[in-house]
Amino acid sequence: MSQMNHQLISILDFGSQYTQLIARRLRELGVKTAIVRGDFPAEKIQENHAIGIVLSGGPSSVFEEGALQVDPEIFALDIPVLGICYGMQLMARYLGGRVAPSDSREYGLAELEIVADRSVVAGTPKHQSVWMSHGDHVGQTPDGFEVLARTEGTPIAAMFDPKRRFVGLQFHPEVKHTPNGEAMLECFLDMTGATRDWNPEAIRTELVEGLRNSVPEGRVICGVSGGVDSSVTAVLLREAIGDRLVPIFVDTGLLRKGERHAVETSFDHFGMHLDVVDASERFFSALEGESDPERKRKIIGHEFVEVFQSEAKRFSDASYLAQGTLYPDVIESSGVRGTAAVIKTHHNVGGLPARLGLKLVEPLRELFKDEVRRVGEALGLPHDFVWRHPFPGPGLGVRILGEITREQVSILQEADHIVLDEIRQAGLYEAIAQALCVLLPVRSVGVMGDARTYEQVLAVRAVTTTDFMTADWFRFPPEVLDRIARRVVNEVRGINRVVYDITSKPPGTIEWE
Ligand code: XMP
């Protein structure tokens with residue numbers, strides 16, 4: 001149940017890879033969005049008081065049997081509708097226009113020519129680039145629509161019905177490759193009369209009020225990892241319910257160098273006492289002799305739950321468990337694409353609330369990560385803390401290939417510390433979405449001084465990404481890589497070679513295990 005009373009745009013998802021991007025763009029422009037399945041009933045959209053609707057693109061053709069259809073009643077709700085790509089074709093089809101099938105796809109940049117300087121394209125250049133990705137296109141507009149723009153291959157690339165405030169765009173205004181896309185989305189928002197009430201301060205206030213109402217009594221246990229999601233969750237709860245919050249930090253022994261101290265100090269600064277549990281011994285002994293990535297993950301997840309469970313039991317009046325679940329996780333498990341295939345067993349406290357008889361509190365479940373960061377800043381968390389790179393729950397456990405021992409952890413900690421230090425000193429930390437080091441269980445020959453060495457290899461990985469679903473490797477200036485390699489080999493005993501991972505995701509994943 002949402003506690004928020006913001007104006008809302010409903011995004012009907014027909015399976016486009018860009019649906020989340022549409023949601024984020026509109027939110028960046030100050031309006032709350034909710035992604036729902038493409039066939040979401042018009043009645044419910046009305047119940048949610050949506051002020052506008054966006055129909056996303058999709059991988060299907062409207063002619064395909066079983067292609068997800070829209071509830072035609074949405075066109076009778078008397079609110080503006082923006083159809084993008086497949087969404088435009090659905091609009092044309094349901095309103096009496098004609099969609100022309102096509103055997104070939106138009107994909108990539110196209111030149112758009114404005115034929116009527118009106119509506120969402122008003123004031124934009126006569127000739128401009130747009131991002132296309134479609135097969136079919138609208139061959140004839142429905143009654144009441146006028147053509148706004150065309151491309152060489154698509155005679156009706158944008159259309160508009162001024163009376164009903166419906167807009168159809170065959171290209172994607174939400175991607176950066178469409179330079180005037182943002183202005184077009186702005187214009188659509190103007191049509192809806194949006195007051196732009198979605199901003200970090202407002203979100204923060206409403207989340208805190210919402211938590212006060214939804215957690216009227218009892219203690220809330222919150223697992224804090226030092227990452228931004230769980231920290232913002234904890235700070236929001238602290239503001240809402242004060243000492244009824246119990247933030248617990250589990251030291252698995254698989255943390256970065258100095259991480260435990262850094263998190264404790266940060267929480268001190270936030271005026272919160274962190275319940276720190278040193279559980280490293282049990283993690284190392286449970287992991288002894290294990291080299292298989294999935295089994296290591298399972299062991300770490302299992303131990304974590306055990307530790308957490310016994311800690312939570314210390315509080316007899318514990319009633320809730322707080323988690324930093326984000327909107328993309330919620331969409332993934334309820335969207336049209338269904339649950340994504342399990343590539344890796346992600347470690348979280350799933351299943352734990354039921355076992356403990358606790359109710360789940362997830363204050364961030366309507367937010368994207370960049371919004372969580374901005375809310376964090378609105379809560380007064382320091383910039384550096386809020387913009388930290390993510391760090392996975394299993395920690396260095398997924399970055400030591402082969403068996404995990406205390407010695408391997410300490411080698412990796414030292415190397416990782418140097419790499420991050422060099423990245424920071426080069427001023428590149430915020431240009432990179434995530435940087436990490438992986439200790440490889442292979443040895444290679446080297447020479448140091450006059451002696452032969454035979455030591456381990458360190459792989460450095462740094463990626464750029466906005467959603468962590470896809471990622472590109474970061475183009476370091478060569479001199480930074482050079483300094484990293486020199487320092488690691490000189491300063492870390494046990495490593496005599498450094499390599500840089502230049503695999504994008506897909507096909508690689510960000511972590512190595
Ligand atoms: P992959 O390796 O799947 O990682 O490309 C995508 C993002 O998820 C993080 N990650 C995890 N985070 N628990 C977490 O909390 C996990 O088990 C886990 N595994 C991967 C990874 O660091 C990257 O940011």
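Before going further, it helps to examine the packing of aromatic side chains. The final tally for this structure, using the stated rule, is 10 aromatic pairs. A centroid spacing of 5.6 Å and a plane angle of 75 degrees characterise the contact between Y107 and W131, whose relative ring orientation is edge-to-face. Taken together, the positions of Y107 in strand β6 (residues 106-114) and W131 in strand β7 (residues 127-134) put the pair 24 residues apart, joining distant regions of the chain. Residue classification places Y107 among the exposed residues on the basis of a relative accessible area of 52%. Overall, the relative accessible area of 13% leaves W131 in the buried class. Here Y327 and F368 contribute two aromatic rings whose centre-to-centre distance is 5.4 Å and whose plane-to-plane angle is 75 degrees, an arrangement assigned as edge-to-face. Of the two residues, Y327 is situated in helix α10 (residues 327-334) and F368 in the loop between β16 (359-361) and α12 (369-378); the sequence distance between them amounts to 41 residues. Among the aromatic residues, ring-to-ring pairing joins W473, F474, F476 and Y500 into one connected group. Taking the ring centre of Y429 as reference, the NZ or CZ of R424 above it sits at 4.5 Å.

Reading across from one edge, β14-β13-β12-β15-β16 is the order of the 5 strands in this open sheet, with parallel pairing throughout. What marks the edges here is a single partner per strand, and that holds for β14 (275-278) and β16. The sheet shows a mean angle of 30 degrees between the axes of neighbouring strands, direction not considered. Note that strand β12 (residues 219-223) and strand β15 (residues 318-322) share 4 bridges and pair parallel. When the sheet's bridge partners are listed, C222 is paired in β15 with A322. Packing against the sheet, helix α9 (residues 293-312) makes contact with β12, β13 (245-251), β14 and β15, and its axis sits at approximately 145 degrees to β13.

Glancing now at helix α4 (residues 181-192). Here α4 spans 17 Å end to end across 12 residues, near enough to the 16 Å set by a 1.5 Å rise per residue. Buried within α4 we find G181, M184, L185, F188, L189, M191 and T192. Each buried residue of α4 sits inside an arc of 155 degrees when the element is viewed along its axis, so together they form one side. Positive backbone phi, approximately 75 degrees, marks G193, located one or two places after α4.

With that out of the way, let us pick up helix α5 (residues 200-214). Taking 1.5 Å as the rise per residue, α5 with 15 residues should run 21 Å; its terminal C-alpha atoms sit 21 Å apart, in good agreement. For α5, the full list of buried residues reads I203, R204, E206, L207, V208, G210 and L211. Buried residues along α5 sit in contact with α6 (228-241), β16 and α12.

Right, let's get into the environment of G87. Tracing the backbone shows G87 in helix α3 (residues 86-94). Taking C-alpha positions, G87 is 15 Å from W131, a pair spaced 44 residues apart along the chain. Those residues in contact with G87 that lie beyond four places of it in its chain are L55, S56 and G57.

Secondary-structure assignment places Q20 in helix α1 (residues 19-28). On a C-alpha basis, the gap between Q20 and W512 in space is 26 Å, while along the polypeptide they are 492 residues apart.

Should the charged atoms of two oppositely charged side chains come close, the side chains can pair. In total, this model carries 38 salt bridges according to the counting rule given. Between R196 and E186 there is a salt bridge; the shortest N-O distance is 2.5 Å. Taken together, the residues span a long stretch of sequence, with R196 in the loop between α4 and α5 and E186 in helix α4 at a distance of 10 residues. We classify R196 as partly exposed; its relative accessible area is 25%. Beyond isolated ion pairs, a larger network of salt bridges with shared partners links D421, E422, R483, R487 and E491.

This part is about the domain arrangement of the chain. Domain annotation for the chain reports domain 1 (8-192), domain 2 (200-386) and domain 3 (405-500). Computed from C-alpha coordinates alone, the two centres of domain 2 and domain 3 are separated by 28 Å. Of the residues lining the interface, 10 residues belong to domain 2; the matching set on domain 3 comes to 12 residues. Of all residues in domain 2, R256, K257 and F284 bury the most surface against domain 3, accounting for 62% of the area lost on that side. Linking domain 2 with domain 3 are 3 salt bridges, by the criterion used here. Applying the counting rule to domain 2 against domain 3 returns 6 residue pairs in polar contact (both at pLDDT 80 or more). With 3 residues, helix α8 (residues 280-287) is the largest single contributor of residues to the side of domain 2 that touches domain 3.

Conventions adopted
Residues numbered from 1 in each chain as written. Predicted model: local features only at pLDDT ≥ 70, side-chain atom pairs only at ≥ 80, totals over all residues. Heavy atoms only, no water. Phe/Tyr/Trp six-rings, centres within 6.5 Å; stacked < 30°, edge-to-face > 60°. Helix = DSSP H or I, 4+ residues; strand = E, 2+ residues; numbered from the N terminus. Buried < 20%, exposed > 50% of the residue type's maximum accessible area, 1.4 Å probe, protein only. Lys NZ or Arg CZ within 6 Å of the ring centre and 35° of its normal. Pairing = 2+ DSSP bridges. Axes fitted to C-alpha atoms, helices over the stretch in contact; angles between N-to-C directions. Contact = heavy atoms within 4.5 Å. Expected span 1.5 Å × (residues − 1). Arc of directions from axis to C-beta. Salt bridge = Lys/Arg side-chain N within 4 Å of Asp/Glu carboxyl O. Domains from an automatic or database assignment. Buried area = accessible area lost by both parts, 1.4 Å probe. Polar contact = N/O pair within 3.5 Å; in protein donor to acceptor, adjacent residues only side chain to side chain.

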